[in-house]
Amino acid sequence: AQTVTQSQPEMSVQEAETVTLSCTYDTSESDYYLFWYKQPPSRQMILVIRQEAYKQQNATENRFSVNFQKAAKSFSLKISDSQLGDAAMYFCAYRSSGGTSYGKLTFGQGTILTVHP
Amino acid sequence: DAGVIQSPRHEVTEMGQEVTLRCKPISGHDYLFWYRQTMMRGLELLIYFNNNVPIDDSGMPEDRFSAKMPNASFSTLKIQPSEPRDSAVYFCASSFYRGLGGYTFGSGTRLTVV
């Protein structure tokens, strides 16, 4: 079974600075999807960014980018120019692209990000 | 599209009562998922459906929990009888089969069993 590990329970950053959230995963599959979700205090789960494992190019969405290291099974999220609205719980997630586990989204434990003005 | 719609948003019930949580997925999505979120266990997948058929219910904690999807636009998660340890936020999410399929989540139902 796939597992996802976020080793940083909490992180903090100053407004306008850059922060990186870590995520590692364990899988025997060669093709899969990776995601970062944001959960603000409203508890709504919001998709931030996604990456296909067969693509070597790192995904970017405005101020959010990832560093995908397939061999190391690492998928970190970088937030540039942090804003107060970025404060939330961030979840890393893994999804199989086929097989019996297709469709299941496995989440890490989450990282609480605090943004200081 | 209005997104994934869950009801109720909050539910407070007494131990032993039956609780029914409802979900309307996004039209055209063929996967539907029920997750539970607690501080201790994080986000747990309870059950998921593909084309209204349950595919994996191994996450359902015990027989008190049941889920149905009678059609493509509606699903329920029922707890009978409810217990205080069932208190959690329950999320419904839907997804399309093909492509870079992230989920779309509903706003969740916060269940409190007293």
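See the structure printed just above.
Residues numbered from 1 in each chain as written. Chains lettered and ligands numbered in written order. Predicted model: local features only at pLDDT ≥ 70, side-chain atom pairs only at ≥ 80, totals over all residues. Heavy atoms only, no water.

**What about the pattern of salt bridges?**
Stage number 1. Tallying each qualifying case throughout the model produces 11 salt bridges over all chains.
Stage number 2. Arg63(A) is the partner of Asp86(A) in a salt bridge, and the nearest nitrogen-oxygen pair spans 2.8 Å. Here Arg63(A) lies in the loop between strand S7 (60–61) and strand S8 (64–69) and Asp86(A) lies in the loop between strand S9 (74–79) and strand S10 (88–96), a separation of 23 residues in the sequence.
Stage number 3. Between Glu83(B) and Arg64(B) there is a salt bridge; the shortest N-O distance is 3.5 Å. Within this pair, whereas Glu83(B) is found in the loop between strand S8 (74–79) and strand S9 (88–95), its partner Arg64(B) is found in the loop between strand S6 (53–56) and strand S7 (65–71), the two being separated by 19 residues in sequence.
Stage number 4. By relative accessible area, Arg64(B) is classed as buried at 9%.
Stage number 5. Bridged by salt links that share partners, the residues Glu62(B), Arg64(B), Glu83(B), Arg85(B) and Asp86(B) form one connected network. (Salt bridge = Lys/Arg side-chain N within 4 Å of Asp/Glu carboxyl O. Helix = DSSP H or I, 4+ residues; strand = E, 2+ residues; numbered from the N terminus. Buried < 20%, exposed > 50% of the residue type's maximum accessible area, 1.4 Å probe, protein only.)

**Description of the state of the cysteines**
Stage number 1. With the rule as written, the count across this model stands at 2 disulfides over all chains.
Stage number 2. Sulfur-sulfur distance for the disulfide between Cys23(A) and Cys92(A) comes to 2.0 Å. Across the disulfide from Cys23(A) to Cys92(A), rotation about the S-S bond amounts to roughly -70°, and the bridge is consequently left-handed. Remark: Cys92(A) occurs in strand S10 and Cys23(A) occurs in the loop between strand S3 (19–21) and strand S4 (24–26); sequence separation between them is 69 residues.
Stage number 3. Judged by its relative accessible area of 1%, Cys23(A) falls in the buried class.
Stage number 4. Here Cys92(A) falls in the buried class, since its relative accessible area comes to 0%.
Stage number 5. Put simply, Cys23(B) and Cys92(B) are joined by a disulfide, and their sulfur atoms are 1.9 Å apart. With the S-S dihedral at roughly -65°, the linkage between Cys23(B) and Cys92(B) falls on the left-handed side. (Disulfide = S-S within 2.5 Å.)

**Concerning the environment of Leu111(B)**
Stage number 1. Following the sequence through the fold, Leu111(B) ends up in strand S11 (residues 109–113).
Stage number 2. Excluding anything up to four places from it in sequence, Leu111(B) contacts Glu11(B), Thr13(B), Val19(B), Ile79(B), Asp86(B), Ser87(B), Ala88(B) and Tyr90(B). (Contact = heavy atoms within 4.5 Å.)

**Regarding the packing of aromatic side chains**
Geometry of an aromatic ring pair is reported as the spacing of the ring centres plus the angle between the planes.
Stage number 1. Using the criterion set out here, one finds 20 aromatic pairs over all chains in the structure.
Stage number 2. Centre to centre, the rings of Tyr37(A) and Phe105(B) are 5.5 Å apart; their planes meet at 80°, and the pair counts as edge-to-face. Of this pair, Tyr37(A) sits in strand S5 (residues 32–39) while Phe105(B) is found in strand S10 (residues 104–105), placing the two residues in two different chains.
Stage number 3. In this structure Tyr37(A) comes out as buried when scored by relative accessible area, which is 1%.
Stage number 4. Owing to a relative accessible area of 3%, Phe105(B) belongs among the buried residues under this scheme.
Stage number 5. Relative to Tyr35(B), the ring of Phe107(A) has its centre 5.5 Å away and its plane inclined at 85°; by these criteria the two rings are edge-to-face. In this pair, Phe107(A) sits in strand S11 (residues 105–107) while Tyr35(B) sits in strand S4 (residues 31–38), so the two residues belong to two different chains. The same class applies to Phe107(A) as to Tyr35(B), namely buried.
Stage number 6. Of the aromatic side chains, those joined through ring pairs into one cluster are Tyr33(A), Phe35(A), Tyr37(A), Phe91(A), Phe107(A), Tyr31(B), Phe33(B), Tyr35(B), Tyr48(B), Phe91(B), Tyr103(B) and Phe105(B).
Stage number 7. Of note, Arg95(A) hangs over the ring of Tyr31(B), and the distance from its end group to the ring centre comes to 5.8 Å. (Phe/Tyr/Trp six-rings, centres within 6.5 Å; stacked < 30°, edge-to-face > 60°. Lys NZ or Arg CZ within 6 Å of the ring centre and 35° of its normal.)

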